[in-house]
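# Reading the structure
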Amino acid sequence: PVSSSGGDLLFLLDSSGSVSYYEFSRVKEFMWDLLQPFTFGPTEVQTSIIHISTTPTMEFPFDRYRSGEALHQAIRDTQQLMGDTNTGKALSYAKEKLFSDAAGARADVPKVLVWVTDGFSTDDISEPMQLLKDMGVTVFIVSTGRGSYLELSAAASQPPEKHLHFVDVDDLPIITKELRDAILDVIQANQLHAVDVTSSSFRLVWPRLLSQETDYYTLEYAPRDDLGKKRTEQVSGAHTTLLLSNLAPGTTYEVALIPESNVHYFPPQTTRVTTLAEEISPAQVLISESGPHSFHVSWAPTLESVSSYQILYGPLPGNSVRLLEVDGKHNSTLVDKLTPNTTYLVTVTAVYKSGKEKSLSAKACTQE
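Residues numbered from 1 in each chain as written. Predicted model: local features only at pLDDT ≥ 70, side-chain atom pairs only at ≥ 80, totals over all residues. Heavy atoms only, no water.

In this section: the pairing of strand 12 (residues 252–260). With eight bridges connecting them, strand 9 (residues 216–223) and strand 12 associate as antiparallel partners. Within the sheet, the bridge partner assigned to Thr218 lies in strand 12 and is Ile258. Pairing analysis gives six bridges linking strand 12 to strand 13 (residues 269–274), with the strands arranged antiparallel. Considered in strand 13, the bridge of Glu254 is made with Arg272. (Pairing = 2+ DSSP bridges. Helix = DSSP H or I, 4+ residues; strand = E, 2+ residues; numbered from the N terminus.)

Take a look at the structure:
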């Protein structure tokens, strides 16, 4: 599960007669997949569904379901209403509910709206959508139909490439992880969280809390299984980010950030971060700048735990193979003295300091 801390997540679901029964059932599966890793409850994520129809209808309030199982069943039981596609009306109704105690919404948590549409609306959406965004709601739009790109990109939060998806209803699973990560980013922006996680490091990011020049943060972190190995650092109050390195691979760390201020009391912020397992590299192999006698091979990422990379290459079909060795600090090399108009198989192997090896291959063509 993703410990996400608090956020109110509202689905605006096109339940009108312009959506087929099949499309509606696929969208329900997509909603469940999106929510699956979250933890739900009064201090975690809460979710609600509003139907777009002739009259907007709330399927269930934010605070009804406290477990994934109960929520899954509620989504499965959601029935299509048919009727008109009055999205503007539904957006105005959503604005009321996203900020109402009666609907179980919370005043002090990030608000996210996910609008799933087949691209059509019978009434105006621009004004109610702008009101929602002005009140701090982050708007994601998933269009499974045609729809006007200009209209929808104006309606989504900025930048549209992060908040607007056009995808066929059968291809919804392709965007699930990207959309879930983007929703998580919105929810986590208000608290301590980790980005750029590798096998030996991660970067901590937190909101700006301290303002006085004398204020500072105390940062404590330790492997969850060995809290005796706690390390402590002091960080100036001006900072909102810090890179932690020389960490153990595949290890879960408990992290606490304690704001030290003479003026205000700030509660400590905590998070839990797991470093990547060691042998994930190379994650991908890319071929570029291909000519008749050479091409460029690059791979990602370079990790401190890699001592060297071995590049094996040979023509297909065939069994003559040549080897290049590259220092572990580099993540690209030129392969030359090749035959024109020939397909080569290129294999990049990461050799770890622990002695483990991990390989990945790609095909490359030289030009005529």
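That covers the picture; the talk isn't over yet.
Okay, the confidence of the model for the chain next. Mean pLDDT over the chain: 87, with 96% of residues reaching 70 or higher. Within the chain, strand 14 (residues 284–288) has the poorest average pLDDT of any element, 81, and strand 3 (residues 57–60) the best, 96. (pLDDT = per-residue confidence, 0-100.)

Two strands pair when backbone bridges link them, and strand 2 (residues 45–52) and strand 3 are joined in this way by three bridges, in the antiparallel orientation. What sits directly across from Ile50, in strand 3, is Met58. From the end of strand 2 to the start of strand 3, which pair antiparallel, there are four residues.

Moving on, we get to the sheet that holds strand 12. The pairing of strands in a sheet happens through backbone hydrogen bonds and is either parallel or antiparallel. Across the sheet, four strands lie side by side as 10-9-12-13; this open sheet has antiparallel pairing. At either end of the open sheet lies a strand with only one pairing partner, and these are strand 10 (231–236) and strand 13. With strand direction ignored, the average angle separating the axes of adjacent strands in the sheet is 20 degrees. (Axes fitted to C-alpha atoms, helices over the stretch in contact; angles between N-to-C directions.)

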